[in-house]
Amino acid sequence: MRLRDKVAIVTGGGSGIGKAIAELFAAAGAKLVVASRNLQALEQTAREIRSSGGAALAVQADLTVEEQVRHLVHRCVDDFGGVDILVNNSAAMIPDEVEVADMTLDHWNKVLGVNLTGTMLCCREALQVMMPKRTGSIVNVSSIAGVIGNPKRSPYSASKWAVNGLTETLAIEAGPHNIRVNSLSPAATRTERFEAAVRARAERFGTSFEDLMAKILSHYSMRRLAEPMEVARAALFLASDESSAITGQNLIVSCGFHMLNPTEIR
Ligand SMILES: NC(=O)c1ccc[n+]([C@@H]2O[C@H](COP(=O)([O-])OP(=O)(O)OC[C@H]3O[C@@H](n4cnc5c(N)ncnc54)[C@H](OP(=O)(O)O)[C@@H]3O)[C@@H](O)[C@H]2O)c1
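Residues numbered from 1 in each chain as written. Predicted model: local features only at pLDDT ≥ 70, side-chain atom pairs only at ≥ 80, totals over all residues.

K.L.:
Break down the overall build of the protein for me, with residues and values.
P.N.:
When you go through the protein residue by residue, the secondary structure sums to eight helices and seven strands. Scaling as 2.2 N^0.38, a compact globule of 266 residues should have a C-alpha radius of gyration of about 18 Å, and the protein matches this with 18 Å. Seen along its three principal axes, the alpha-carbon backbone of the protein occupies a region of about 55 × 40 × 35 Å. Here the protein holds 266 residues, and the buried ones make up 45% of them. For the protein, restricting intrachain contacts to residue pairs at least 6 apart in sequence, the fraction spanning at least 24 positions comes to 71%. (Helix = DSSP H or I, 4+ residues; strand = E, 2+ residues; numbered from the N terminus. Rg over C-alpha atoms; globule rule 2.2 N^0.38 Å. Buried ≥ 20, exposed ≤ 12 C-beta atoms within 10 Å, placed from the backbone. Contact = placed C-beta atoms within 7 Å.)

Now the structure itself:
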């Protein structure tokens, strides 16, 4: 088992990609702490892991609140004895689309607060546990929007570019402590949230879900979207010793999206 005896925190583990990561890591032998605001969803993930024979704990935490992030890491240490792996997967997925010219500071701060500051706080608290033990792997779930610009979603895009900068910086700072830090950047992934967003957009444009989906897929060289479990497998690679010499990297998981001109679907 690739994560035998490891303890992993996965933020946003109650839904979508984070849930897939938590399930895959548990199947690989890790003890899991899943954390976000919605305790009910987290408990569901933890129950499913436990019913498959794994160990899992759900901890409610708003990552924009320093004290709650501290509590999350302390609970992990108290219950499971340490933190070997941190997956920063939570993100503010605010559907509003607005250009910078019309941006409110509140909208901007909400997204940056979760995606960038929340990620930094989780890294800071986890590093304080990892550094004395001289072991650890941090995986930041970024986005293809952190590699190319994303009109009308500038706070999201800017936060993900910043996460990639934080990843590289931390990889330099934490490397001497034998801690690796990498990010992975999915393009659109077939989560319920993504499909609901496409449905809403299709309605707005007066087109069908199927037609809009076909247009979207034409920008993916593989003509399909990644499944959450495929993103999770990339996270497992980066979290595990299989990537033991890899740090400061951003792994794109896009079914070929990033290689084609994406401007038409903006
Ligand atoms: N799906 C895609 O197409 C796609 C593409 C590129 C990148 N990504 C990235 O993949 C990651 C997962 O996204 P997803 O698609 O799986 O969406 P999702 O299911 O909406 O996951 C986002 C998670 O973030 C958590 N979250 C939001 N605000 C939070 C806060 N203040 N404190 C703690 N947790 C918070 C949410 O949980 P609570 O509501 O319980 O707090 C939720 O579980 C994100 O980093 C996203 O940027 C996704």
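K.L.:
Explain the site of the ligand to me, using residue names and the numbers behind them.
P.N.:
Near the ligand, the surroundings consist of 29 residues, among which Gly-12, Gly-16, Arg-37, Asn-38 and Ala-91 are the closest. For the shell around the ligand, the elements supplying multiple residues, two or more each, are helix H1 (16-27), helix H4 (105-133) and helix H6 (192-205). When grouped by side-chain class, the residues that make up the shell around the ligand number eleven nonpolar, 15 polar and three charged. (Near = placed C-beta within 6 Å. Nonpolar A, V, L, I, M, F, W, Y, C, P; charged D, E, K, R; others polar.)

K.L.:
I'd like a description of the pairing of strand S1 (residues 7-11), backed by residues and values.
P.N.:
With five of its five residues buried, S1 lies for the most part within the structure. Alternating residues of S1 divide into Val-7, Ile-9 and Thr-11 and Ala-8 and Val-10, and every residue in both groups is buried. The pairing of S1 with strand S2 (residues 31-36) spans five bridges and is parallel. Bridge pairing in S2 links Val-10 to Val-34. After leaving S1, the chain enters H1 and then returns to the sheet as S2, a path that is right-handed. (Pairing = 2+ DSSP bridges. Right-handed = clockwise from strand over helix to strand, strands pointing away.)

K.L.:
I'd love a proper account of the packing of H1 against helix H2 (residues 39-51), names of residues and values included.
P.N.:
Packing of H1 against H2 brings their axes to within 10 Å, and their N-to-C directions diverge by 20 degrees. It follows from the interaxial angle that H1 and H2 lie roughly parallel. Read as a crossing pair, H1 and H2 show a hand that is right-handed. Contacts between H1 and H2 involve Lys-19, Ala-22, Glu-23 and Ala-26 from the first element and Thr-45, Glu-48 and Ile-49 from the second. Taken together, the residues of the contact of H1 with H2 sort by class into three nonpolar, one polar and three charged. (Axes fitted to C-alpha atoms, helices over the stretch in contact; angles between N-to-C directions. Parallel < 35°, antiparallel > 145°, perpendicular 65-115°, else oblique. Left-handed = near helix turned anticlockwise from the far one by under 90°.)

K.L.:
Account for the sheet that holds S1, naming residues and giving values.
P.N.:
The strands making up a sheet associate through hydrogen bonds between their backbones, and the pairing can be parallel or antiparallel. Pairing in this open sheet of seven strands is parallel, and the strands run S3-S2-S1-S4-S5-S6-S7 from one edge to the other. The open sheet has two edge strands with one neighbour each: strand S3 (56-60) and strand S7 (250-253). Recorded for the sheet is a direction-independent mean angle of 20 degrees between the axes of neighbouring strands. One ladder, built from four bridges, connects strand S4 (residues 85-88) with strand S5 (residues 136-141); its direction is parallel. Its bridge partner being in S5, Asn-88 is matched across the sheet by Asn-140. Against the sheet, H2 makes contact with S2 and S3, and its axis sits at roughly 175 degrees relative to S3, the strand it touches most. Its contacts with the sheet put H4 on S1, S4, S5 and strand S6 (179-186), and the angle it makes with S4 is roughly 175 degrees.

K.L.:
Break down the nonpolar core for me, with residues and values.
P.N.:
Ala-8, Ile-9, Phe-25, Leu-32, Val-87, Ala-126 and Ala-235 are the most contacted members of the largest nonpolar core, which totals 74 residues. In terms of residues, this core owes the most to one element, H4, which gives ten residues. Residues in contact with Ala-126, not counting those within four places in the same chain, are Ile-9, Val-73, Val-83, Leu-86 and Ile-138. (Core = buried A, V, L, I, M, F, W, Y, C linked by C-beta atoms within 7 Å.)

K.L.:
So, H2: which residues are in play, and what are the values?
P.N.:
For H2, spanning 13 residues, the distance from its first C-alpha to its last is 18 Å, which sits close to the expected 18 Å at 1.5 Å a residue. Among all positions of H2, only Leu-42, Thr-45, Ala-46 and Ile-49 are buried. Looking straight down H2, one finds its buried side chains confined to an arc of 95 degrees; they lie on one side. Residues of H2 that are exposed and angled more than 90 degrees away from the buried face: Gln-40, Arg-47 and Ser-51. Buried residues along H2 sit against H1, S2 and S3. Once H2 ends, the next one or two residues include Gly-53, with phi positive near 95 degrees. (Expected span 1.5 Å × (residues − 1). Arc of directions from axis to C-beta.)

K.L.:
Which residues make up H1, and what values go with them?
P.N.:
For H1, spanning twelve residues, the distance from its first C-alpha to its last is 17 Å, which sits close to the expected 16 Å at 1.5 Å a residue. The buried fraction of H1 is high, at eleven of twelve residues. What H1 keeps buried is the set Gly-16, Ile-17, Gly-18, Lys-19, Ala-20, Ile-21, Ala-22, Glu-23, Leu-24, Phe-25 and Ala-26.

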